[in-house]
Amino acid sequence: MFCNQCEQANKGVGCESIGICGKKPEVAALQDILVFQTKGIGYLAHLSEQAGIIDEETNSFTLKALFTTVTNVDFDPDRMHMWIREADRIRKKLTDLILTKTPNTDMSTWPASARFKPNASLEDLVQDAIVIEGISLFSGPVDKDVRSLQQLLLYGLKGMAAYAEHAYLLGSKDQEIFSFFNKALSALNDSTLQVKDLVDLNMECGTINIKTMELLDNAHTSRFGHPEPVKVSTALKKGPAIIVSGHDLLDLETLLKQTEGKGINIYTHGEMLPAHGYPGLKKYTHLVGHFGTAWQNQQREFDNIPAAILFNTNCIQKPRDSYMDRVFTCDLVAWPGVQHIENRDYSPVINKALELGGFEEKDGHSLMTGFARNAVLSVADKVIEGVKSGAIKHFLLVGGCDGAKPGRNYYTELVEKAPKDTIILTLACGKFRFNDLELGDIGGIPRLLDIGQCNDAYSAIKIAEALANAFECGINDLPLSLVLSWYEQKAVVILLSLLSLGIKGIRLGPSLPAFITPNILDFLVKNFDIMPIGTVTEDLKAILG
């Protein structure tokens with residue numbers, strides 16, 4: 001295997017024997033096959049569109065296939081085998097649609113990915129992966145810079161598929177977004193594309209992702225209302241408990257409905273914390289609080305607890321034996337030996353929670369969340385006045401993924417040492433490095449504003465745009481600095497979105513992506529002033545002048 005798509009890439013190069021995430025070579029091989037198939041499906045769907053054919057089933061499958069291969073989503077070879085068989089069915093369906101519409105089509109001109117027929121058995125599929133590696137997951141000669149940009153585009157598409165899938169499950173979709181997926185996947189088969197072509201596609205990916213995040217934002221707020229600032233307790237209540245980890249709000253809502261009146265307390269975990277800010281979710285009185293911190297601490301935090309645990313998207317780690325019997329997965333996330341919930345029937349989770357008995361009372365502290373765009377913009381006049389009066393000197397957006405790799409204490413230290421006239425905006429699970437700090441307020445405005453999940457990056461963009469409009473300047477002219485942490489592919493596409501807006505001076509850490517070559521990094525530095533994080537003292541001095 002070789003995988004370098006996440007920040008944990010072994011030795012900063014790539015994982016070759018087993019993934020740092022726990023992904024085994026067999027699963028890595030199956031994911032390579034599925035990505036290869038999805039490239040072919042994108043080519044055929046793009047061809048179909050040109051012939052006036054749009055297939056809704058293909059649109060949905062593309063999102064699922066790409067999201068399934070995001071880091072820490074699916075570790076189950078049997079389910080990967082299922083997706084590979086489904087991909088082959090979709091390929092055949094598209095082929096038949098195209099040949100019916102244009103019977104004289106010469107299939108021999110199609111790329112290998114569009115003609116690929118996988119072996120039937122799981123065992124033989126590993127041999128397929130070896131063949132695919134010979135063809136290459138990426139097209140064209142081995143030009144390192146071209147390959148780097150192809151990977152950047154693919155990982156951006158994976159991240160965008162996650163956001164689009166969440167929106168799709170809530171009934172929100174946009175054909176322009178699906179058309180770009182098809183166009184970009186088709187382009188990954190094109191061996192003639194050079195650096196400029198791929199730079200343009202990556203920037204377009206960023207632009208389309210903003211549209212995707214807007215779609216998701218609208219889906220969330222239409223269904224659950226606009227988030228409102230709220231204090232969330234980390235105390236434990238006596239009684240049966242279910243802990244929900246991941247990102248999907250629809251899963252949480254469905255579980256809340258199914259557990260109503262059953263005497264079960266529901267706790268969020270990780271990126272589910274911002275769910276407490278939505279009126280349509282916090283109205284359920286048995287959504288009682290938040291358990292634990294960021295995803296990488298789950299093995300320690302879940303060790304032998306008397307509660308059922310439900311994972312609804314990425315961020316799962318190998319469950320320890322002490323809690324393997326009480327873990328459940330749903331939607332796209334899966335782990336071998338863990339019961340997978342189908343059709344949102346959470347009866348097995350509910351029964352396990354009742355069987356385990358739950359927690360005893362335990363004190364905790366409070367975490368603030370719910371400062372999405374509506375909440376922040378409702379006090380925009382106070383923020384603007386604070387800047388004009390000099391009470392607020394600078395805004396720091398310290399957001400992104402958390403992870404286990406050393407160096408992430410930088411973000412805690414950065415927030416701790418930021419001057420008291422600085423507002424800290426944050427989103428995604430990186431906030432668990434510092435969201436329990438008491439930072440006080442400036443004129444009644446909390447110094448730490450948790451915008452929400454990584455899924456809520458659209459809110460951060462709208463806040464920045466509103467401030468720029470208020471001061472009649474560009475975003476780059478604001479007293480605003482972005483210091484981001486990254487881990488997986490959703491962070492990649494958010495970075496592309498920020499770059500597509502022309503935002504400059506982003507600091508990125510704790511390390512730079514292994515798939516970015518020196519030449520591509522040099523391009524990003526020269527055109528966007530992107531830079532790796534340094535020391536907190538040096539960076540604050542540069543940021544604050």
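Here's a quick rundown of the structure.

Rules used in this analysis
Residues numbered from 1 in each chain as written. Predicted model: local features only at pLDDT ≥ 70, side-chain atom pairs only at ≥ 80, totals over all residues. Heavy atoms only, no water. Axes fitted to C-alpha atoms, helices over the stretch in contact; angles between N-to-C directions. Helix = DSSP H or I, 4+ residues; strand = E, 2+ residues; numbered from the N terminus. Parallel < 35°, antiparallel > 145°, perpendicular 65-115°, else oblique. Left-handed = near helix turned anticlockwise from the far one by under 90°. Contact = heavy atoms within 4.5 Å. Nonpolar A, V, L, I, M, F, W, Y, C, P; charged D, E, K, R; others polar. Buried < 20%, exposed > 50% of the residue type's maximum accessible area, 1.4 Å probe, protein only. Pairing = 2+ DSSP bridges. Arc of directions from axis to C-beta. Phe/Tyr/Trp six-rings, centres within 6.5 Å; stacked < 30°, edge-to-face > 60°. Core = buried A, V, L, I, M, F, W, Y, C linked by side-chain atoms within 4.5 Å. Polar contact = N/O pair within 3.5 Å; in protein donor to acceptor, adjacent residues only side chain to side chain. Salt bridge = Lys/Arg side-chain N within 4 Å of Asp/Glu carboxyl O.

All right, on to the packing of helix α8 (residues 195-224) against helix α9 (residues 249-259) then. Two numbers describe how α8 lies on α9: the axes approach to 11 Å, and their chain directions differ by 20°. In terms of orientation, α8 lies roughly parallel with respect to α9. For the pair α8 and α9, the sense of crossing is left-handed. On α9, the residues that touch His220, Arg223 and Phe224 of α8 are Leu249, Leu250 and Glu253. Per-class residue counts for the contact of α8 with α9 are three nonpolar, one polar and two charged.

Our focus in this paragraph is unusual backbone geometry. Note that the residue after Gly509, namely Pro510, is joined by a cis bond; omega there is 0°. Tracing the backbone through its elements, the reader meets Pro510 in the loop between β15 (507-509) and α18 (518-528). With a phi angle near 100°, Cys315 is a residue other than glycine that sits in the positive phi range. Along the chain, Cys315 falls in the loop between β5 (308-311) and β6 (327-330). Residue class for Cys315 comes out buried when judged on its relative accessible area of 12%. Even without glycine at this site, Asn343 takes up a positive phi of about 60°.

Our focus in this paragraph is the sheet that holds strand β4 (residues 287-290). Read from one edge of the open sheet, six strands run β4-β3-β2-β5-β6-β7, paired in parallel fashion. Two strands close off the open sheet at either side, each with one partner strand: β4 and β7 (339-341). Averaged over all neighbouring strand pairs, the angle between strand axes comes to 30°, with direction disregarded. By the bridge criterion, three bridges tie strand β3 (residues 265-269) to β4 in an arrangement that is parallel. Each bridged residue has a counterpart across the sheet, and for Ile266 the counterpart in β4 is Leu287. Contacts from α9 reach β2 (241-245), β3, β4, β5 and β6 within the one sheet, and its direction differs from that of β3 by about 165°.

To continue, consider α18. Along α18, the residues classified as buried are Ile520, Leu524 and Phe528. Angular distribution of buried residues about the axis of α18 spans 45°; they occupy a single face of the element. Away from its buried face by more than 90 degrees, α18 exposes Pro518 and Lys526. In the core, the buried residues of α18 are packed alongside α6 (144-169), α8 and α17 (489-500). Once α18 finishes, Asp529 follows within two positions and takes phi at roughly 55°, a positive value.

Okay, the packing of aromatic side chains next. Each aromatic ring pair is characterised by the separation of its centres together with the angle its planes make. Inspection of every chain in the model, using the stated rule, returns 14 aromatic pairs. With a centroid separation of 5.8 Å and an interplanar angle of 85°, the aromatic rings of Tyr267 and Phe359 are classed as edge-to-face. Of this pair, Tyr267 sits in strand β3 while Phe359 sits in the loop between α12 (347-356) and β8 (366-369); the two residues are 92 residues apart in sequence, bridging distant segments of the chain. A relative accessible area of 0% places Tyr267 in the buried class. Aromatic ring contacts, followed pair by pair, group Tyr267, Phe291, Phe302, Phe311, Tyr323 and Phe359 into a single cluster.

With that out of the way, let us pick up the nonpolar core. Membership of the largest hydrophobic core comes to 113 residues, with the highest contact counts inside it found for Leu157, Phe181, Phe359 and Ile506. Counting residues per element, this core draws most heavily on α6, which supplies 13 residues. In contact with Leu157, not counting residues within four places along its chain, are Leu66, Phe180, Phe181, Ala184, Leu185, Leu188 and Cys205. Membership of the second largest hydrophobic core comes to 30 residues, among which are Leu30, Trp83, Ile84 and Ala162.

Across the sheet, which stays open at both edges, the six strands sit in the order β13-β10-β9-β14-β15-β16 with parallel pairing between neighbours. Unpaired on one side and paired on the other, β13 (448-452) and β16 (531-532) mark the two borders of the sheet. Looking at chain direction, β15 and β16 are connected through two bridges and run parallel. The residue bridging Leu508 from the neighbouring strand is Pro532, located in β16. Across the sheet, helix α16 (residues 457-470) touches β9 (394-400), β10 (422-427), β13 and β14 (480-485), and the angle it forms with β13 is around 125°.

Moving on, we come to the packing of helix α1 (residues 25-50) against helix α7 (residues 175-187). One way to put it is that α1 packs onto α7 with a least axis distance of 7 Å and a crossing angle of 120°. Taken together, α1 and α7 sit at an angle that is classed as oblique. Note that α1 runs across α7; the crossing there is left-handed. In this structure, α1 uses Thr38, Lys39, Gly42, Tyr43, Ala45, His46 and Glu49 to contact α7, whose residues at the interface are Gln175, Ser179, Asn182, Lys183, Leu185 and Ser186.

Tracing the backbone shows Ser500 in helix α17. Along the primary structure Ser500 and Met203 are separated by 297 residues, whereas in three dimensions their C-alpha atoms are 5.1 Å apart. Those residues in contact with Ser500 that lie beyond four places of it in its chain are Met203, Gly206, Thr207 and Ile210. Reaching out from Ser500, the side chain makes a polar contact with the backbone oxygen of Ser497 at a distance of 2.7 Å.

Summed over the entire model, instances satisfying the criterion amount to 31 salt bridges. Residues Lys352 and Asp325 are paired through a salt bridge, measuring 3.9 Å at the closest nitrogen-oxygen approach. With a gap of 27 residues between them, Lys352 in helix α12 and Asp325 in the loop between β5 and β6 connect regions that are remote in the sequence. Owing to a relative accessible area of 42%, Asp325 belongs among the partly exposed residues under this scheme. Lys431 serves as the salt-bridge partner of Asp450, at 3.4 Å between the closest nitrogen and oxygen. You can see Asp450 sitting in strand β13 and its partner Lys431 sitting in the loop between β10 and β11 (441-442), a full 19 residues away along the chain.

What follows covers the side chain of Gln317. With respect to the secondary-structure elements, Gln317 resides in the loop between β5 and β6. Setting aside residues no more than four positions away along its own chain, Gln317 makes contact with Asn72, Trp295, Gln296, Gln298, Gln299 and Trp335.

None of the figures reported here should be taken as evidence of function without further support.
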